[in-house]
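Observations on the three-dimensional arrangement
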Amino acid sequence: MTRATTVRAVLAAAVLLVSVLITLTMSPRLGLDLQGGTRMVLQAKDSDTAKADRESTDRTLEVLRQRIDSLGVAEPTLTRSGEDRIIVELPDVQDPRKAAEVIGRTAQLSFHAVQGQGTPTDEKPGASGTPGSEKSGAGPTLPDEQGRALDLGPARLSGAGVKDATAAFDGQQGAGWTVSLDFHKAAGRDWTRLTGEAACHPVQDDRRRVAIVLDQQIISSPQVSPSVGCNAGLPSGSTQITGSFSADEARELALLIKGGALPLPVEIVEQRTVGPTLGAAAIDASARAALIGAAATALFITVVYRLFGALAAVALAAYGLISYASLVALGVTLTLPGLAGFVLAIGMAVDANVLVFERAREEHTQHPGRSLRSSLTAGFRGAWSAVADSNVTTLIAAGLLFFLGSGPVKGFGVTLAIGVLASMFSALVIARALTEIAAGSRFVSDYRGVNGISGPGRVRTWLTRRDPRLMRSPRRWLLISSALVAVAVLGILVRGVNLGVEFTGGRLVEYSTSRPVDVEQARTALAGAGFGDAEVTTAGAGDISVRTGKLDNDGEHALRAALAEEGGKTTKVRDELIGPSLGDELRRNALIALGIAVLVQLAYLAIRFRWTFAVGSVAALVHDVIILVGAFAWLGRTVDGIFLAALLTVIGYSVNDSVVVFDRVRELWAKARRQPVAEVANRAVLQTVPRTLNTGMGALFILTALAVLGGDSLADFALALLIGICVGTYSSVMTAVPAALVLERSSKAPPPARKRAPGRRSGKGTARRDPLDNGARV
């Protein structure tokens, strides 16, 4: 075993050990569509005193965090998205009406004089005669930071008067972390009077304190400094709140005061509620699809590549472990599309192994005297360019999903990117270490029927015997592709594209009823309740799906009650609310994502290959996009965010296949610069067909498992990918290559330069000997 193989084996063992430890000690973070709950996207609006920018949105978020904590929701998540949006995730909250009511209130920040210490009580604030109650002519009684009840006077100053609040460290005076307040002009005068009156009371007297109240809760009650004289007060702009603050406590207090002072009205532009039953079913379905699809893929590559295929299957299992551990360690939220991306990447992990094994078969067939290990090494070396380019294009698609997508689509991009990186590690490190160790065995080397790469393979043998001239007339294939595109465009024009609620705005709610209810019964019941314009359909397993325009939470409650009259106990399984502005933005971002995908792929391929190859690949890409959208139009399927994730994945697949073919065209053409490019392209296509078929079969096993076993929630996703993979496999050969050939006929660019062999020096005629090759040159 060589030193390089030893290093790979040790690295693989270390990564697998860490992955096992992470899997056993850490739990995954499930999205709301898997554990149930409510997700809201809030749009911050400009107010009279603040503009909805990044800073003011952060202040609003902190106020909302305090409010949601008061709801008692376990582990809520609040994050800012962009300049003026806040994403709120509330696990296990199935009725969002209360949460929406709390979120929608305007922040109430006020400053009070302290009348004295109130009577302690264990009762909750707000009850009559207890802390939080209002007394005639006076302010409330509220607990301070230490839990002592304080009698407050009426509000003397509102939070709207606060101009700024900042946290700073005062090292010179030894005060530690402080919070500085700055008021607007009129409010500054009120602040001076308030602190001047408090200063008339003795030091340590509660009446010398000023209470800062946010949403009926004292967030701070600082005492006026002994240096301040009676009725003198503190001038605006020089007020500091001191105490034993930590850095985080000081910053939080500053955010609360400033956020309360500059409240931003918020509007719910998106709301999704998923029942936990749907989540559990989705997890079970995805798990079954993963196990069965992975088992079928492993069996397939074992049959095709024998022992080396079985070792690749072991690497495939290692890939699954590494991917899962990476998702858990990075804290990535697993959503339903994310799980689908995780399952789908299993099929992608096969691609690199197939590329290597097919290249090793070629090397061993062309050089019968070469050792098995040397052929395998040459296979890894020869496949590296195609593996790198194809994975880079997929990472580009994943990056576009992350930066231009939202919600579940963004999560799909993250899991897809992690899956691509893990698949490269499993193929180029784990699988290579296993196969190189096996190739060193005399038994494996001597018995060709065992290792799986000593023979050319049935597909390659058949193609060699038949030698079809596929690229003799490239325009013929372009006419066929144009006809397919025309049929797809006709479907888009005639049937129209059924855009999901994510792109059109509105509300989509799915219900499960205890008694069977057909669509006509549901429509009649809802029309009688005033929802005559609602679109009612079945949603699988007897559920009822209702899609409407603008519908608030009270309206949804009335809609559910009307449906319950026909179906008995009615449970909400899924709830999606998308505002029209967000729908327009999602639709716009989808088009931007597709446009950027085309441009980025075009630029990358033009740099790595030739401009004619790049245009051919992009032509195939556009061909696939149009046909997939047209197929969904003809079938009447919904085009939504999940479809967008599938579409961008198909783009990556399409470019992957094109890259592999053009990489071989470039290689063969550089060796035969005087040969007509059509003949070179024909040979390249025939040589890469086995890889294309075997990789496509590996992906189809996974996708078929998703379509059959993934349930209704994954059906459209799997269908889109099944169509896309089939069309993409065709177009990468029969659209991309013919388009490039037609362009090459009008191009005067010279053939690509031949690559120098590894170890060959410029101007020298010698080549470095491969230590694994028994004297053969590579």
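Numbering of residues starts from 1 in every chain and runs along the sequence as written. Local features are withheld for residues below a pLDDT of 70 in this predicted model, meaning they are given only at 70 or higher, and side-chain atom pairs are given and counted only at 80 or more; totals for whole chains, interfaces and linings count all residues. Heavy atoms from the whole structure form the basis of all side-chain values; hydrogens and water molecules are not counted.

Some details on the overall build of the protein
- Counting from the N terminus, the helices are DSSP H or I runs at least four residues long and the strands are E runs at least two residues long. Of the regular secondary structure elements, the protein holds 23 helices and 20 strands.
- Residue exposure (1.4 Å probe, protein chains only): buried if accessible area is under 20% of the type maximum, exposed if over 50%, otherwise partly exposed. Per-residue burial for the protein yields a buried fraction of 53% across its 778 residues.
- Here a residue-residue contact requires only that any non-hydrogen atoms of the pair lie within 4.5 Å. Across the protein, the fraction of contacts at a sequence separation of at least 24, relative to all contacts at a separation of at least 6, is 77%.

Looking at the sheet that holds strand S10 (residues 210-214)
- Strand pairing is assigned whenever DSSP detects at least two bridges linking the two strands. The antiparallel open sheet is built from five strands, whose spatial order is S6-S7-S5-S10-S11. Only two strands of the sheet have a single neighbouring strand rather than two, namely strand S6 (141-143) and strand S11 (218-220). Averaged over all pairs of adjacent strands, the angle between their axes in this sheet comes to 55 degrees, without regard to strand direction.
- The pairing of S10 with S11 spans two bridges and is antiparallel. Bridged to Ile-212 within S11 is Ser-220. Axis definition: a line fit to C-alpha positions, over the contact stretch in the case of helices; interaxial angles, taken between N-to-C directions, run 0 to 180 degrees.

Focus: the side chain of Arg-507
- By the element assignment, Arg-507 lies in strand S16 (residues 506-513).
- As used in this structure description, the phrase polar contact means that two N or O atoms lie within 3.5 Å; if the pair is within protein, one of them must be able to donate a hydrogen and the other to accept it, and residues adjacent in sequence are counted only when both atoms belong to side chains. A distance of 2.7 Å separates polar atoms of two side chains, one belonging to Arg-507 and the other to Asp-575.

A few points about a nonpolar patch on the surface
- Within this analysis, patches are made of residues with over 30% relative accessible area and no salt bridge. Like charges are joined at 9 Å or less; nonpolar side chains (Val, Leu, Ile, Met, Phe, Trp, Tyr) at 5 Å or less. Where accessible areas are quoted, they stem from the Shrake-Rupley method and a 1.4 Å probe; at the residue level, only the protein chains shown are allowed to cover. Any Lys or Arg side-chain nitrogen found within 4 Å of a carboxyl oxygen on Asp or Glu counts as a salt bridge. A cluster of nonpolar side chains, Val-487, Val-489, Leu-490, Leu-493, Val-494 and Trp-634, forms an exposed patch at the surface whose accessible area comes to about 570 Å².
- The element that contributes the greatest number of residues to the nonpolar patch is helix H14 (residues 474-494), accounting for five residues.
- Position of Leu-490 among the secondary structure elements: in helix H14.
- A residue is classified by how much of its surface remains accessible, and Leu-490, at 43% relative accessible area, is partly exposed.

So, unusual backbone geometry
- Located in the positive-phi region is Gln-204, a residue other than glycine, with phi close to 75 degrees.
- Relative to the helices and strands, Gln-204 resides in the loop between helix H5 (185-198) and S10.
- Within the chain, Asn-231 stands out as a residue other than glycine whose phi angle is a positive 65 degrees.
- Here Asn-231 lies in the loop between S11 and strand S12 (239-245).

Looking at the pairing of strand S19 (residues 570-578)
- Extensive coverage of S19 is indicated by the burial of seven of its nine residues.
- Note: strand S13 (residues 266-274) against S19, five bridges, orientation antiparallel. For Arg-272, the partnering residue across the bridge sits in S19 and is Glu-576.
- Both S16 and S19 contribute to a ladder of eight bridges, which runs antiparallel. Considered in S19, the bridge of Leu-508 is made with Glu-576.

Some remarks on the environment of Leu-109
- Along the chain, Leu-109 falls in strand S5 (residues 109-117).
- When the C-alpha positions of Leu-109 and Ile-219 are compared, they lie 9.8 Å apart, and in sequence the two are 110 residues distant.

Some points on the nonpolar core
- The biggest cluster of nonpolar side chains holds 73 residues, and the ones touching the most others in it are Met-471, Leu-628, Phe-643, Phe-662, Val-665 and Val-737.
- The biggest single contributor to this core is helix H20 (residues 641-671), with 16 residues.
- Ranked by size, the runner-up nonpolar core spans 44 residues in total, among them Phe-308, Leu-355, Ala-431 and Ala-439. Grouping buried Ala, Val, Leu, Ile, Met, Phe, Trp, Tyr and Cys residues that are joined through side-chain atoms within 4.5 Å yields what is termed a nonpolar core.

A word on the packing of aromatic side chains
- Stacked, tilted and edge-to-face pairs are distinguished by plane angle, under 30 degrees for stacked and over 60 for edge-to-face with tilted covering the rest, among Phe, Tyr and Trp rings (Trp via its six-membered ring) whose centres lie within 6.5 Å. In this structure the tally under the stated criterion is nine aromatic pairs.
- Look at Phe-300 and Phe-701: their rings are 5.5 Å apart centre to centre, the planes differ by 55 degrees, and that puts the pair in the tilted class. Linking Phe-300 in helix H7 (residues 276-329) with Phe-701 in helix H21 (residues 677-709), this pair joins segments that are 401 residues apart in sequence.
- On the basis of relative accessible area, Phe-300 is assigned to the buried category, the value being 17%.
- A centroid spacing of 4.7 Å and a plane angle of 50 degrees characterise the contact between Phe-632 and Phe-643, whose relative ring orientation is tilted. Taken as a pair, Phe-632 in helix H19 (residues 611-635) and Phe-643 in helix H20 lie far apart in primary sequence, eleven residues in all.
- Taken together, the ring pairs connect Phe-111, Phe-183 and Trp-191 into an aromatic cluster.

Some details on the state of the cysteines
- Disulfides are defined as cysteine sulfur pairs within 2.5 Å. Enumeration over the complete set of coordinates arrives at one disulfide.
- In this model, Cys-200 is linked to Cys-230 through a disulfide, with the two sulfur atoms separated by 1.8 Å. An S-S torsion of about 85 degrees defines the bridge between Cys-200 and Cys-230 as right-handed. Placement of the pair is Cys-200 in the loop between H5 and S10 and Cys-230 in the loop between S11 and S12, with a sequence separation of 30 residues.

Digging into the sheet that holds S13
- An order of S3-S4-S2-S13-S19-S16-S18-S17 is seen for the eight strands of this open sheet, with the pairing classed as antiparallel. Either end of the sheet is taken by a strand with one partner, and the two such strands are strand S3 (77-81) and strand S17 (535-538). When the angles between neighbouring strand axes are averaged without regard to direction, this sheet yields 20 degrees.
- Together, S17 and strand S18 (544-548) form the strand contacts of helix H16 (residues 519-528), whose direction differs from that of S17 by roughly 155 degrees.
- Sitting on the sheet, helix H17 (residues 553-567) is in contact with S13, S16, S18 and S19, with an inclination near 30 degrees to S16.

Describing H19
- With 25 residues, H19 should cover 36 Å at 1.5 Å per step; its first-to-last C-alpha distance of 36 Å lies within 8% of that length.
- Trailing H19 by a residue or two, Gly-636 shows a phi angle of about 70 degrees, which is positive. What a helix should span is 1.5 Å times the count of its residues minus one.

Observations regarding the pattern of salt bridges
- Taken as a whole and assessed by the stated rule, the structure comprises 25 salt bridges.
- Arg-574 serves as the salt-bridge partner of Glu-510, at 2.9 Å between the closest nitrogen and oxygen. One end of the pair, Glu-510, is in strand S16; the other, Arg-574, is in strand S19, and 64 residues separate them in sequence.
- According to the relative accessible area criterion, Glu-510 is buried, its value standing at 12%.
- Look at Arg-574 and you get partly exposed, because its relative accessible area is 22%.
- Each of Arg-359, Glu-362, Glu-363, Arg-664, Glu-667 and Lys-671 takes part in one network of salt bridges that share partners.

Describing the packing of H19 against H20
- Between H19 and H20, whose axes approach to 9 Å, the crossing angle comes to 150 degrees. As far as their axial angle goes, H20 and H19 are roughly antiparallel. In the packing of H19 onto H20, the handedness of the crossing is right-handed. For the pair H19 and H20, contact is made by Phe-613, Ser-617, Ala-620, Leu-621, Asp-624, Val-625, Leu-628, Val-629 and Phe-632 and by Phe-643, Leu-647, Val-650, Ile-651, Ser-654, Val-655, Ser-658, Phe-662, Val-665, Arg-666 and Trp-669, respectively. Geometric relationships in this document are graded by angle, where less than 35 degrees denotes roughly parallel, more than 145 denotes roughly antiparallel, 65 to 115 denotes roughly perpendicular, and other angles denote oblique. Each crossing is labelled by how the near helix is turned from the far one, with a counterclockwise turn of less than a right angle marking it left-handed and a clockwise turn marking it right-handed.

Focus on the confidence of the model for the protein
- Looking at the protein, the pLDDT average stands at 78 and 82% of residues meet or exceed 70.
- Confidence scores here are pLDDT values: one per residue, from the predictor, ranging 0 to 100. Across the protein, the secondary-structure element scoring lowest on mean pLDDT is helix H4 (residues 97-104), at 64, and the one scoring highest is H14, at 95.

Side note on the packing of H19 against helix H23 (residues 736-746)
- Remark: H19 packs on H23, axes separated minimally by 8 Å, with the N-to-C direction vectors making an angle of 140 degrees. Here H19 runs over H23; the crossing is right-handed. Mapping the contact onto sequence places Trp-611, Thr-612, Phe-613, Val-615, Gly-616, Ser-617 and Ala-620 in H19 and Ala-736, Ala-739, Ala-740, Leu-743 and Glu-744 in H23.

Overview of the environment of Gly-616
- For Gly-616, the position within the fold is in helix H19.
- The contact partners of Gly-616, leaving out residues within four places of it in the chain, are Ala-736, Ala-739 and Ala-740.

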